[in-house]
2 protein chains.
Amino acid sequence: MYKKDIKVLDCTIRDGGLMNKWQFSTELVKSVYNSCVEAGVDYMEIGYIASEGQFSRDEYGPWKFCSEKDLRSVVGDNNTNTKISVMADIGRIRFEDIPPASESVIDMFRVACYEHQIHKGIELAHHVMDKGYEATINLMAVSKVNERRLDEALQDIAESRVSTFYLVDSFGSMYSEDIQYLMKKYTEALPGKIIGFHGHNNQQLAFSNTIECIINGARMLDATMLGIGRGAGNCPLELLIQFLKNPKYRLKPILQSIQDYIKPLQQEIDWGYFLPYMIAGSLNQHPRDAMAWMDSDKKNDLVGFLVDALEKIEDLE
Amino acid sequence: MYKKDIKVLDCTIRDGGLMNKWQFSTELVKSVYNSCVEAGVDYMEIGYIASEGQFSRDEYGPWKFCSEKDLRSVVGDNNTNTKISVMADIGRIRFEDIPPASESVIDMFRVACYEHQIHKGIELAHHVMDKGYEATINLMAVSKVNERRLDEALQDIAESRVSTFYLVDSFGSMYSEDIQYLMKKYTEALPGKIIGFHGHNNQQLAFSNTIECIINGARMLDATMLGIGRGAGNCPLELLIQFLKNPKYRLKPILQSIQDYIKPLQQEIDWGYFLPYMIAGSLNQHPRDAMAWMDSDKKNDLVGFLVDALEKIEDLE
């Protein structure tokens, strides 16, 4: 018996681009977009939005900026049932650079922020809502947040006009019991709001934690094709689509893009279940050290990474 | 707060050998054994036990047979805290070929059987128990078993002297709610018995299903290094050890074997998250077609495999 009110958001390009600075071919991005449309995926998050000058165009591909021109080169006017989403980091987009929603193919802004930025996050979300967009707030790194401060942040969200709030397992460190605990906290603190989930797959739990969130009331779910994403990656879209059983979703177009474009990327980018990412997740650590290790000639020295990671944690304490 | 009564069984060689006909180097098997001992793993299942002549020694490596001589070449007299387990398929080992436990380094027989073989399974388990071994019964392919017949089989197990019974997700098709349902059924039908779990990772749920089993009372847990095993493989031992938090377990020796021997095997054997295995699991199908597809030149034709799999299911119905 499927849940009709669940929405699926594909963030293949946005999160996958964290591994290659968004240097995807236009054909790849078009294929992912077309597959999302054909598969009935509700939202496609195509990248981060940033004002010109925030980053170098020489270093980063177009999906670090999501200019209206680049967006339209892929989605045209997007006369489809798949909405277009962009992610905004605090301080990277000037309010005056955001056009009214009626002039943009963007449907939704997702505001990513840390607990100490929650007021700036709500301010940006309200700003884009006033311009006619949908908005969410995605609170990152909650597994490191002091609980009293988290409760305060949730109260601020509750009092805001933002309709959707995300549980984010930034480090891939959460087990099912963590998910149950936080979903209960979020739903009780935020009556009437939609809760979303964005997982990371360090411990092979991104999909199962997504299921746990569904059982506990989450209604907006992130996933990527073949789980591509930063470090260990995300919940695989193909698994989620098969699980949801909603006949509006179709697996075949997703498999086609994976076959033609995403699977071949594994020759260039090491996302997925690699043990430095697993160790970082199990120790509730940011993946940056694991990513640096994976980029070095010590990539296969797993014991070395564990020893190093444990020493760093003990140095802090 | 860790659960002291949980036992971990490594079946790296036994289940991994299904992918290479147990053609492992002696050094590799010794490394896995030494790592299990150093890591505090409770049982190491080193292979299947079979009488001579059941299979060709030219085709299969020693761990398809587990002769006493081959076992001792790796474990000596096994004066360690890690017990040695073998798996027995019905009809592959003659009762008279099984020595008394006092003359063997084997500590435990695990009897794998289908529902229609349950009486033969119990007979073999009772036979080895009478010779002084521990015994378990692992009921395979339960996701395809008619519920009335399953209830009868459970009643037979309840009335037997076999102390440990395994929930087995042979096709990697189970979600957390399936696990909850079957764990409740098994524990209610089998008062006083230990329940074990053996998962497959087709849908990246082997580890999370193992956690779900722990929460629901399972106390004997199978895992393999880097998840090596048939098709999509098993619950990764390194994830399970990190989760259990029991200080008697140590991660480092496991990482050492993975680094030195198991990870390099990925160059030769395609176990893990490959989409033909995922599709088979999500459709509750035996992995044999997916394994044949992965061995063919159609390996990367994911859409073709899905179309083929769906056609076969419809042909049956």
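Rules and cut-offs
Numbers given to residues run from 1 along each chain, matching the order in which its sequence is written. The lettering of chains begins at A and the numbering of ligands begins at 1, in the order of writing. Selection of residues for local features in this predicted model requires a pLDDT of at least 70, selection of side-chain atom pairs for listing and counting requires 80 or more, and totals for whole chains, interfaces and linings are taken over all residues. Note on contacts: residues are paired as contacts if their backbone-placed C-beta atoms lie within 7 Å. Counting from the N terminus, the helices are the DSSP runs of H or I reaching at least four residues and the strands are the DSSP runs of E reaching at least two. Under this grouping Gly is polar, as are all residues other than the nonpolar Ala, Val, Leu, Ile, Met, Phe, Trp, Tyr, Cys and Pro and the charged Asp, Glu, Lys and Arg. By this definition, two strands are paired if DSSP reports at least two bridges between them. Definition of nonpolar core: a set of buried Ala, Val, Leu, Ile, Met, Phe, Trp, Tyr and Cys residues joined via C-beta atoms within 7 Å. Note on burial: count the other C-beta atoms lying within 10 Å of the residue's C-beta; 20 or more is buried, 12 or fewer is exposed, in between is partly exposed, and C-beta positions come from the backbone. Here the expected length of a helix is defined as 1.5 Å per residue gap, with one fewer gap than residues. What the arc describes is the spread of directions from the helix axis to the C-beta atoms. Axes, fitted as lines to C-alpha atoms, cover a helix only where it is in contact. Angles between the N-to-C directions of the axes lie from 0 to 180 degrees. In this document the domain limits rely on a domain assignment from an automatic tool or a database. Handedness of a crossing is defined here by the sense of rotation of the near helix relative to the far one, left-handed for an anticlockwise turn of less than a right angle and right-handed for a clockwise turn. Here the copies were fitted onto each other by least squares, based on C-alpha atoms from residues at pLDDT of at least 70 in both. An angle below 35 degrees is read as roughly parallel, one above 145 as roughly antiparallel, one from 65 to 115 as roughly perpendicular, and any other as oblique.

Colleague: Help me get a handle on the interface of chain A and chain B, residues and values and all.
Modeller: Counting from both sides, the interface comprises 28 residues of chain A and, opposite them, 27 residues of chain B. Elements with a minimum of two residues in the side of chain A that touches chain B: helix H7 (206-215), helix H8 (237-244), helix H9 (252-265), helix H10 (275-282) and helix H12 (302-316) of chain A. Looking at which element gives the most residues to the side of chain A that touches chain B, the answer is H9 of chain A, with six residues. Counted by class, the side of chain A that touches chain B contains 15 nonpolar, nine polar and four charged residues.

Colleague: Could you give an account of the pairing of strand S1 (residues 7-10) of chain B, naming the residues involved and the relevant values?
Modeller: All names here are of chain B. The pairing of S1 with strand S8 (residues 220-223) spans four bridges and is classified as parallel. Across the sheet, the residue bridging to Asp10 is Ala223, located in S8. Pairing of S1 with strand S2 (residues 43-48), which is carried by two bridges, proceeds in the parallel orientation. Each residue of the ladder has a partner; that of Leu9, found in S2, is Tyr43.

Colleague: I'd like a description of the nonpolar core, backed by residues and values.
Modeller: Ile137 and Leu240 of chain A together with Ile137 and Leu240 of chain B are the most contacted members of the largest nonpolar core, which totals 201 residues. Ignoring anything within four residues of it in the chain, the contact list for Leu240 of chain B reads Val8, Phe207, Thr210, Leu221, Ala223 and Cys235 of chain B.

Colleague: Describe the environment of Ser56 of chain A, naming the residues involved and giving the relevant values.
Modeller: Residues and elements named next belong to chain A. Tracing the backbone through its elements, the reader meets Ser56 in the loop between strand S2 (43-48) and helix H3 (68-75). With 9 C-beta atoms counted inside 10 Å, the residue Ser56 sits in the exposed group. Separated by 36 residues in sequence, Ser56 and Arg92 place their C-alpha atoms 13 Å apart.

Colleague: Before we move on, can you summarise helix H4 (residues 118-130) of chain B with the specific residues and values?
Modeller: Residues and elements named next belong to chain B. Over its 13 residues, H4 runs 18 Å from end to end, which matches the ideal 18 Å to within 8%, given 1.5 Å per residue. Considered for burial, the residues of H4 that qualify are Ile118, Gly121, Ile122, Leu124, Ala125 and Val128. With its buried residues spanning 165° around the axis, H4 presents them on a single face. Along its buried surface, H4 packs onto strand S3 (83-89), strand S4 (108-113), strand S5 (134-139) and helix H5 (147-159). Of the residues trailing H4, Gly132 is marked for its positive phi of about 105°.

Colleague: Quick one: what's the story with the sheet that holds strand S4 (residues 108-113) of chain A, residue by residue and with numbers?
Modeller: Residues and elements named next belong to chain A. With respect to topology, eight strands assemble into a closed barrel ordered S1-S2-S3-S4-S5-S6-S7-S8, the strand pairing being parallel. Neighbour to neighbour, the strand axes of the sheet diverge by 25° on average, direction disregarded. Of the pairings in the sheet, the one linking strand S3 (residues 83-89) to S4 comprises five bridges and is parallel in character. Within S4, the residue paired with Ala88 across the bridge is Val111.

Colleague: Any chance you could break down the sheet that holds strand S6 (residues 164-168) of chain B for me, citing the residues and the numbers?
Modeller: Spatially, the eight strands close up into a barrel ordered S1-S2-S3-S4-S5-S6-S7-S8 (chain B), and their pairing is parallel. Between one strand and the next, the sheet's axes are offset by a mean angle of 25°, whatever the strand orientation.

Colleague: Account for the domain arrangement of chain A, naming residues and giving values.
Modeller: Residue and element names in this part refer to chain A. Structurally, chain A comprises domain 1 (7-265) and domain 2 (275-316). Look at where the C-alpha atoms of domain 1 and domain 2 centre, and you get two points 26 Å apart. Taken together, the nine residues of domain 1 in the interface contact eleven residues of domain 2. Looking at the side of domain 1 that touches domain 2, its residues break down into two nonpolar, six polar and one charged.

Colleague: Which residues make up the packing of helix H6 (residues 176-189) of chain A against H7 of chain A, and what values do they have?
Modeller: Residue and element names in this part refer to chain A. Close contact between H6 and H7 brings their axes to 9 Å; oriented N to C, the two are set at 35°. Read as a crossing pair, H6 and H7 show a hand that is right-handed. Between H6 and H7, the residues in contact are Ser176, Ile179, Gln180 and Met183 and Ser208, Asn209, Glu212 and Cys213, respectively. Along the lines of polarity and charge, the residues of the contact of H6 with H7 split into three nonpolar, four polar and one charged.

Colleague: Summarise the relation of the copies chain A and chain B; cite the residues concerned and give the values.
Modeller: Superposing chain A onto chain B requires a rotation of 180° together with a translation of 0.0 Å along the rotation axis, leaving an RMSD of 0.0 Å. On this basis, the relationship between the two copies can be described by a two-fold rotation axis. Comparing interface residues between copies, 96% of those in chain A also lie at the interface in chain B; the contact surface is shared.

Colleague: Tell me about the packing of H8 of chain A against H9 of chain A, and please be specific about residues and values.
Modeller: All names here are of chain A. Packing of H8 against H9 leaves a shortest axis separation of 10 Å and a crossing angle of 165°. By the angle class used here, H8 and H9 are roughly antiparallel. Where H8 crosses over H9, the two elements pack in a sense that is left-handed. Every residue of H9 that contacts H8 at Leu237, Glu238 and Ile241 is listed here: Ile254, Leu255 and Ile258. Grouping the amino acids of the contact of H8 with H9 by side-chain chemistry returns five nonpolar, no polar and one charged.

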